[in-house]
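These are the residues of each chain, in order.
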Amino acid sequence: MESLLLSINNLTTQYITDNNIIHAVNGISLELARGGSIGLVGESGAGKTTTAYSIMGLLPKLTGKIIKGSILFEGKDLTLLSEEEMRDIRGSKISMIFQDPMTSLNPIITVGDQIAEVLEIHGTSNKNEAQKKAGDMLEMVGIPRGRMNEYPHQFSGGMKQRVIIAIALACNPELLIADEPTTALDVTIQAQVLKMIKELKNELDTSLILISHNLGVVAQVCENVAIMYAGRIVEFGALRDVFSKPLHPYTEGLLNSIPRIEVEKERLIPIRGMMPDPSIVPSGCIFKPRCPYAKEECSVQAPIVSKISDRRVMCLMHEGVIPNTMGAANE
Amino acid sequence: MNNHSDMIPILQVKNLKKYFTTPRGMLHAVDDVSFAIQEGKTLGVVGESGCGKTTTGRAILRLIEPTSGSVVFNGIDITSLEKNKLRIMREKMQIIFQDPYSSLDPRMSVASIIAEPLIIHKRVSGKKELLKQVQKLMEMVELEDRLSSSYPHELDGGRRQRIGIARALALEPQFIVCDEPVSSLDVSVQAQILNLMQDLQDRLGLTYMFVTHDMAVVKHISDEIAVMYLGQIIELSPAKDLFAHQYHPYSHALISAIPKIESKTDETMTILKGEIGSPIEPKPGCRFALRCEYCIEKCLTDTPVFKTIESGRAVACWRAEELSL
Ligand SMILES: Nc1ncnc2c1ncn2[C@@H]1O[C@H](COP(=O)(O)OP(=O)(O)OP(=O)(O)O)[C@@H](O)[C@H]1O
Ligand SMILES: Nc1ncnc2c1ncn2[C@@H]1O[C@H](COP(=O)(O)OP(=O)(O)O)[C@@H](O)[C@H]1O
Ligand SMILES: [Mg+2]
Ligand SMILES: [Mg+2]
């Protein structure tokens, strides 16, 4: 059996604002093997970034709070660590690429120095050594080392994103969390960056959580996929299985609603309705109001996680509470 | 560009240019673009950020003044029209923006945003008729009646985009430039808006120029597709044919780079290196040459001619006919 690197158990994270509690993450569980990769997919507001911030210990101090659950990383519960201990782990064992790429580089420090700085914090004591390694890192992400002394504004969006990836990998982390790393990029540049992430993952054996709302992007890189809706992981499994034969009505809805290059569609089939209000906790299934297969029971009984061979799904159809009409339509 | 030579297109753009003066020199945002759209059809426009898609759309509507070239709409060259005649023409030509939020006045209610063009263009007499019109438009874009007194910030992205569409439809246009209308929407909402736009097209016979960088969306919505690169159209083709095979190496790279759900990108495929170049005072020769794996000497010195290569397909590449991509 593969060894586990990360195990999230029943994680519940909320934002507590003046007059509201935002239920951003509602009891999710997720396991990542050493060297493995998970795509975390969902529409905006699903709780993807909040999950990442919970792992990183970077929730906003005043409002963000882990209410319940544990995050075991190499056996240690990250939710119990002090701020200092978390700082050590960030950037030595876990690195993150943030959603807004253009704000994470310092505009007044050269790209070479920004990489060297990370190396120095993490054990490369010698300045010259750090500079040399920084050059190596730049080359690894396809930027000539001759451009080390340039500033971020001299780089294009794609190059900046590659520098950010180089910085994230400079400490040789066990786990890389990439939050929408290519969303701001053009397709041709996106392809360059995805190819690079894939190669680096294989070369350095880094484990990966790739967050994206783009199903195609995670399909390029990840073995497993977790589909997130309203703070819950509604479906988890091997990516090929989930995308070719979804078990949850939301996953099916996502696949039906997007235009696809390789599937001719006369008309898209949207998911009806809207995202639920994250400050309201419904009784029953959170997807019920939008679900074409829902029955009365769905407004009363909340689904639990059902295991179906290697896959997991949260839906009463798979608990035998209501008939599985989705499967019937698919056969 | 269309094989039905007996049909007169509703919109014909010829040698359109838009240059901007910048401190670093003349920026060729749109550089000699020509195409035509038949009534009731959709032309998709794709290409990397900064290649001139938005500028083309705005120059066609004369929201910015073209540097040169002509735009013939319903048989009338609108580039030479004086302002008051242009105003009348413009009722027939509208635009929908990417970010429905920043394009809507936050201090106006939904109903007054939709009513505004009707009032400005004196399309209604009396309050009663105005209300009726607004109601009809809201129904058309499937906006709930109860939202008429809401403000844009109270609504989600999908509903905001519906307001933008209702407003664009108010003057009963024939042609709409849609500039990334679904790019900022979640996929489940994106599907609702795309379906709505297709339904409206069928019902009202609308003609669209649909700008996007999402290749799957453009394939789905378009009859024809124009691929732009640094201010120029480098390939123009019926949508389906373009995805079947490409004549221009850039179109080929663009389409191969799409992350597909069904399969991983071919590992052996050469991924396009480098970045889009500078549009400032471009040198003669092909603008894609330095990134092109098929580049020959001629490409560095002579600007490729944009010419029809098979019925309905045109391309600007010296080697288009010999390469098979
Ligand atoms: N008002 C302006 N002044 C100077 N340059 C401009 C102006 N508007 C656009 N440009 C330049 O013209 C070129 C084309 O820009 P445009 O906005 O049309 O691109 P686009 O294809 O719509 O890109 P995107 O996909 O990012 O929306 C770019 O180089 C841009 O920087
Ligand atoms: N700092 C914050 N304060 C209050 N609510 C927040 C904050 N950040 C996120 N949220 C809310 O938490 C929910 C999950 O958001 P997020 O994790 O950013 O989702 P995603 O990354 O999937 O788009 C949303 O309802 C969002 O509005
Ligand atoms: Mg996010
Ligand atoms: Mg644009």
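Presented here is an overview of the structure given in this document. It should be emphasised that the depicted structure is a prediction, and the values quoted were computed from it without experimental measurement. (Residues numbered from 1 in each chain as written. Chains lettered and ligands numbered in written order. Predicted model: local features only at pLDDT ≥ 70, side-chain atom pairs only at ≥ 80, totals over all residues. Heavy atoms only, no water.)

**Points about the sheet that holds strand β8 (residues 207–212) of chain A**
Residues and elements named next belong to chain A. Put simply, the rule reads: Here, any two strands with at least 2 DSSP bridges between them count as paired. Counting from the N terminus, the helices are DSSP H or I runs at least four residues long and the strands are E runs at least two residues long. Under this scheme, a helix contributes an axis fitted over its contacting stretch, all axes are lines through C-alpha atoms, and angles between N-to-C directions fall in the 0 to 180 degree range. Pairs of residues are marked as contacts when any of their non-hydrogen atoms sit within 4.5 Å.
Reading across the sheet, the eight strands line up as β6-β7-β8-β3-β9-β10-β12-β11 and stay open at both edges, with mixed pairing between neighbours. Only two strands of the sheet have a single partner each, and these edge strands are β6 (94–97) and β11 (305–308). When the angles between neighbouring strand axes are averaged without regard to direction, this sheet yields 20 degrees. Looking at chain direction, β11 and strand β12 (residues 311–314) are connected through four bridges and run antiparallel. The residue bridging I308 from the neighbouring strand is R311, located in β12. Strand contacts of helix α9 (residues 249–257): β3 (37–41), β9 (224–229) and β10 (232–238), with the helix running at about 95 degrees to β9, the strand carrying the most contacts.

**Comments concerning the packing of helix α3 (residues 111–121) of chain A against helix α5 (residues 157–169) of chain A**
Residues and elements named next belong to chain A. Quick note on the threshold: When describing relative orientation, an angle under 35 degrees is termed roughly parallel and one over 145 degrees roughly antiparallel, while 65 to 115 degrees is termed roughly perpendicular and anything else oblique. Take the far helix as the reference: if the near one is turned anticlockwise from it by less than a right angle, the crossing is left-handed, and if turned clockwise, right-handed.
Two numbers describe how α3 lies on α5: the axes approach to 8 Å, and their chain directions differ by 20 degrees. The pairing of α3 with α5 is recorded here as roughly parallel in orientation. Crossing handedness for the pair α3 and α5: right-handed. Along the contact surface, α3 presents V111, Q114, I115 and V118, while α5 presents V163, A166 and I167.

**With respect to the site of ligand 1**
Residues and elements named next belong to chain B. As a reminder of what qualifies: The nearness test applies per residue and asks whether one of its heavy atoms lies within 4 Å of the molecule or strand. Polar contacts here mean pairs of N or O atoms no more than 3.5 Å apart (in protein, one a potential hydrogen donor and the other a potential acceptor; neighbouring residues in sequence count only if both atoms are side-chain atoms). A 1.4 Å probe and the Shrake-Rupley method give the accessible areas. Residues count as covered only by the protein chains that appear here.
The full set of residues close to ligand 1 is F20, L27, A29, S49, G50, C51, G52, K53, T54, T55, E180 and P279. Within the backbone of G50, one N or O atom sits 2.8 Å away from an oxygen atom of ligand 1. With respect to ligand 1, the side chain of T55 contributes an N or O atom lying 2.4 Å from an oxygen atom. Within the complex, the protein chains bury 62% of what would otherwise be the 640 Å² of accessible surface of ligand 1. Within the residue set of the shell around ligand 1, elements represented by two or more residues are β2 (25–37) and α1 (53–60). Top contributing element to the shell around ligand 1 by residue count: α1, with three residues.

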